[in-house]
Structure formats: C-alpha cells, structure tokens
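The primary structure of each chain is shown beneath.
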Amino acid sequence: VMGLIRQAPSGHASNDILGFSQMISSWSFVLLYLWMATALGLTILRTSFPLKFGRLSFLLNHIGLFIALIAATLGNADMQRLKMTTRMGNAEWRATDDKGQLTELPLAIELKDFTIDEYPPKLMLIDNETGRALPEKSPVHLLLEEEVYGGCLVYGGTLQDWELTIQQSIPMAASVATEDTLKFTDFHSMGATYAVHLKAVNRKNRQTKEGWVSCGSFLFPYKALRLDSLTSLVMPEREPQRFASKVKVYTQEGTITEDTIEVNRPMEIEGWKIYQLSYDESKGGWSDISIFELVRDPWLPVVYTGIVMMMLGAVCLFVNAQKRKEEEKE
C-alpha cells in the first residue's frame, strides 16, 4: 500500500481517515507491526528451546529479520537529517533540520574550493509573446559542442526554419555596451558568461539576422537575438553535469580530515554521512557557497548485522538442502 499511495511527510496534516497516506504513523500500521514483531519473537523463543544444530539456519533467518525490523524502526526515530550551508574559507558547525531549527554539531566543515562541470550550451527558439520554447509540445534545441578552430567555433545547425552558423564563440565573456549595440569580449574573471556570435538564415524567405546570444550570469544579463516579430533565439542557462566541494572537516577529538564531496559520493566521519546537496545556483560555476546534507543513523550497523545474519541463514539453508538430497539418494 505504501508503494502505491503517495506518503505525506511526518508531522504534516493529512485528510486521509484510513491513514494510508501516512502509513508509518497510522494506528493500523502500528498494530500490524506489533503483531508481526510479537509473533516473530515468540516463534524464535519456541524454536530456540531445546537448541539444535539443525535449526541454525531457521534461527539465523528469523533472528536476523527480528533485529533488522526492530533496529530499522528505532533508527527511523533516532535518525538525524540536517542541512548545512557553508561559505568559502569559513568553518561552519551549525545546521538546520526540516523545521528550520538550528543545531550545533560535534564537527565543523570548512569549504576550501567548489568546482562545477557544465554541459555544453544550447540554443533554442522562443515565442516573443509567451516566452515559451518552440515547438510548444516538443521543444527542440541545438547543442554547441566546443570544437575551436583558430580561436573561432565554426558550427552549422538548424532550428525549425532557421539555419544557424556560429561565427565566434567566447566561453568566458563579458558584455560591453557600445553606442548602437551590445557586444561581448574575453573576460577571465568572476561572473564571466558564455557568448556566441552567429548568423541565422530563414530557409523560406532567406531573411538574415546576425548578432550575439548569451545565457548571461549573475553579473551580466542574458542576450537574445530577435529573428522576426514572432521568434527569438536564446541560450538557456547551462545545466550542471557534476559539482563537487573540497572540504576540511574538524572534529571535537581534534582530528582534521580533508576530502572531496560530490553527488552520490558522500564523506563518512564520526558516524555522519555528508552529502553534496546544492550550491548557489544564481552564481552557477562561480558559487562560493556549498550546501550539504548531514545524515546520522546510529542504528544502521545493527540493521546491517541483521541483514548479514539473514544472508548466513540463506547459505545454511542451501547447504542443508544439499545434504538432505544426498541422504535421500543414499
């Protein structure tokens, strides 16, 4: 039932009378859980006396299940899941829970460096009135692969009725306003954006447009190229491919550990798992802020112990089954 019905977070009000949207905290689930745990415990006690070697696989399976079941429930209550925002060069030891309450931790995290790898930029057509990508039902885009020849990116592509030829590409650019137009130049500093100068030709009426297109950044605004009264060419914000934080972690015992944390590669220290959660998306690759999620589950080793016991029980079942087959043949 939990797999079929969306579960509401604990502590939030629910209009579900039967409690199917909050199964773990519903009275029906608690009664079923107590009944199952009691039946499992009594079965283990009944089988344990007198203790026989032939019942080893049965006991390993059932005791392991009992331990994993109880420990997982207790761990759900004792688990800590906190969010910490760190800034470059500063050590932070405070984190907030899902209710926004501040908690002081027995460890501190100092953000040393933040790196981000982004997918290549892409070009899209939008409707000038609605701002929606075209075609509306299935928008298409043109990916700009970075193949530079002689300092310029020569690339051809088509978006609907427009043939595009990129004449110049500047991966790190700044916008410069002139008397009659806006152009881009190299800018190897914080806030640099990606910009391309291109030529667009309409295949139907051979109308031609030239100009700069840029996705912009927190420092420079985006730049679109108006193709006609209905359509404009834009470059959406670049999507992150990988982002990671180089950190230094201090503990109360005085140990200092340096490591790199990235998505799906957490850092484990003092019973805590530190996950890379987010960053300052407004600054993108220039972010000096990294957001971590810290998770602590003191009952997790006990759960693993129960799972290992069930695995051993399964091995014993397999061995005993082979022995019984051989005895039957004899």
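Quick note: structure is the one above.
These figures come from a predicted structure and were not determined experimentally.

Asker: What am I meant to see in helix α2 (residues 56-78) here?
Answerer: Every α-helix carries 3.6 residues per turn, so stepping three or four residues along brings you back to the same face. Here α2 contains 23 residues, and its C-alpha end-to-end distance of 32 Å stays within 8% of the 33 Å for a straight helix at 1.5 Å per residue. Within the sequence span of α2, burial applies to Ser57, Leu59, Leu60, Asn61, Gly64, Ala68, Ala71 and Gly75.

Asker: What is the right way to look at the packing of aromatic side chains in this model?
Answerer: The way to describe two aromatic rings as a pair is by their centre distance and the angle between their planes. Within the structure shown, the criterion is met by six aromatic pairs. Aromatic rings pair up to connect Phe114, Phe243 and Tyr279 into one cluster. Positioned above the aromatic ring of Phe218, the side-chain terminus of Lys283 is 5.6 Å from the ring centre.

Asker: Even after reading the chapter, I still don't get the environment of Thr103, so can you show me in this structure?
Answerer: Inspection of the secondary structure puts Thr103 in strand β3 (residues 102-118). Here Thr103 falls in the partly exposed class, since its relative accessible area comes to 24%. Measuring from C-alpha to C-alpha, the distance between Thr103 and Gly75 comes to 19 Å, with 28 residues separating the pair along the chain. Discounting chain neighbours no more than four positions away, the residues touching Thr103 are Leu82, Trp93, Arg94 and Ala95.

Asker: Mind showing me how you'd approach the sheet that holds strand β13 (residues 225-226) here?
Answerer: What links the strands of a sheet is backbone hydrogen bonding, and the strands pair in either a parallel or an antiparallel sense. Spatially, four strands are ordered β5-β4-β14-β13 in an open sheet, and the strand pairing comes out antiparallel. Two strands bound the open sheet, and with one partner strand each, they are β5 (142-143) and β13. Sheet topology places strand β4 (residues 122-127) next to β5; two bridges connect them, and they run antiparallel. Considered in β5, the bridge of Lys122 is made with Leu143.

Asker: I would appreciate a short explanation of the pairing of strand β18 (residues 272-279) in the present structure.
Answerer: When a strand is regular, its side chains alternate between the sheet's two faces. Where strand β17 (residues 267-269) and β18 come together, three bridges link them in antiparallel fashion. Among the inter-strand pairings, Glu268 is bridged to a residue of β18, identified as Lys273. Between the antiparallel neighbours β17 and β18 lie two residues, among them Glu270 with a positive phi of about 50°. Examined bridge by bridge, β18 and strand β19 (residues 289-296) share seven bridges and lie antiparallel to one another. By the bridge assignment, Lys273 is partnered in β19 with Val295.

Asker: Got a minute to help me understand the packing of helix α1 (residues 27-48) against α2 in this structure?
Answerer: Each pair of packed helices gets described by two things: the angle between the helix axes and the distance between those axes. Direction vectors running N to C along α1 and α2 enclose 150°, while the axes themselves pass 10 Å from each other. The element α1 and its partner α2 pack so that their crossing is left-handed. When α1 is examined against α2, the residues Tyr33, Met36, Ala37, Leu40, Gly41, Thr43, Ile44, Thr47 and Ser48 are found in contact with a partner set consisting of Phe58, Leu59, His62, Ile63, Leu65, Phe66, Leu69, Ile70 and Thr73. A breakdown of the residues in the contact of α1 with α2 according to their chemical character gives 12 nonpolar, six polar and no charged.

Asker: So what exactly am I meant to see when it comes to the pairing of strand β9 (residues 162-177) here?
Answerer: Where β9 lies against strand β11 (residues 193-202), nine bridges are found, and the strand directions are antiparallel. Within β11, the position partnered with Ile166 by the bridge is Leu198. Alignment of β9 against strand β10 (residues 182-186), held across five bridges, turns out to be antiparallel. Directly across from Ala174, in β10, lies its bridge partner Thr185.

Asker: Explain unusual backbone geometry to me, please; I cannot follow it from the model alone.
Answerer: In most cases, non-glycine residues show a negative phi, while peptide bonds are predominantly trans. Geometrically, the link from Phe49 to Pro50 is a cis peptide bond, its omega value of -5° lying close to zero. Within the secondary structure, Pro50 is located in the loop between α1 and α2. Here the bond from Leu134 into Pro135 is cis, since omega is -15°, no more than 30 degrees from zero. By the secondary structure assignment, Pro135 is in the loop between β4 and β5. Despite not being glycine, Glu270 shows a phi value in the positive range, around 50°. As for its position among the elements, Glu270 is in the loop between β17 and β18.

What counts as what
Residue numbers here run from 1 along each chain, matching the order of that chain's written sequence. Note on the predicted model: pLDDT of at least 70 is required for a residue's local features to be given, and 80 or more for side-chain atom pairs to be given and counted; whole-chain, interface and lining totals, by contrast, use all residues. Note that the side-chain values use all heavy atoms of the structure and ignore hydrogens as well as water. Each helix is a run of DSSP H or I of at least 4 residues and each strand a run of E of at least 2, with the numbering of both proceeding from the N terminus. One less than the number of residues in a helix, times 1.5 Å, gives the span that helix is expected to have. Whether a residue is buried, partly exposed or exposed follows from its accessible area with a 1.4 Å probe, protein chains only, as a fraction of its type maximum: under 20%, in between, or over 50%, in that order. Aromatic contacts are taken between Phe, Tyr and Trp rings whose centres are within 6.5 Å, Trp giving its six-membered ring; a plane angle under 30 degrees counts as stacked, one over 60 as edge-to-face, and the others as tilted. By definition here, charges over rings are those cases where NZ of Lys or CZ of Arg is within 6 Å of the ring centre and within 35 degrees of the ring normal. Here, residues are in contact when the closest pair of their heavy atoms is within 4.5 Å. In this scheme, strands are said to pair when DSSP sees at least two bridges between them. Working convention: axes come from line fits to C-alpha atoms, limited for helices to the stretch in contact. Angles between N-to-C directions cover 0 to 180 degrees. Crossing handedness follows the turn of the near helix against the far one: under a right angle anticlockwise gives a left-handed crossing, and clockwise gives a right-handed one. Just so you know the grouping, Ala, Val, Leu, Ile, Met, Phe, Trp, Tyr, Cys and Pro go in nonpolar, Asp, Glu, Lys and Arg go in charged, and all remaining residues, Gly too, go in polar.

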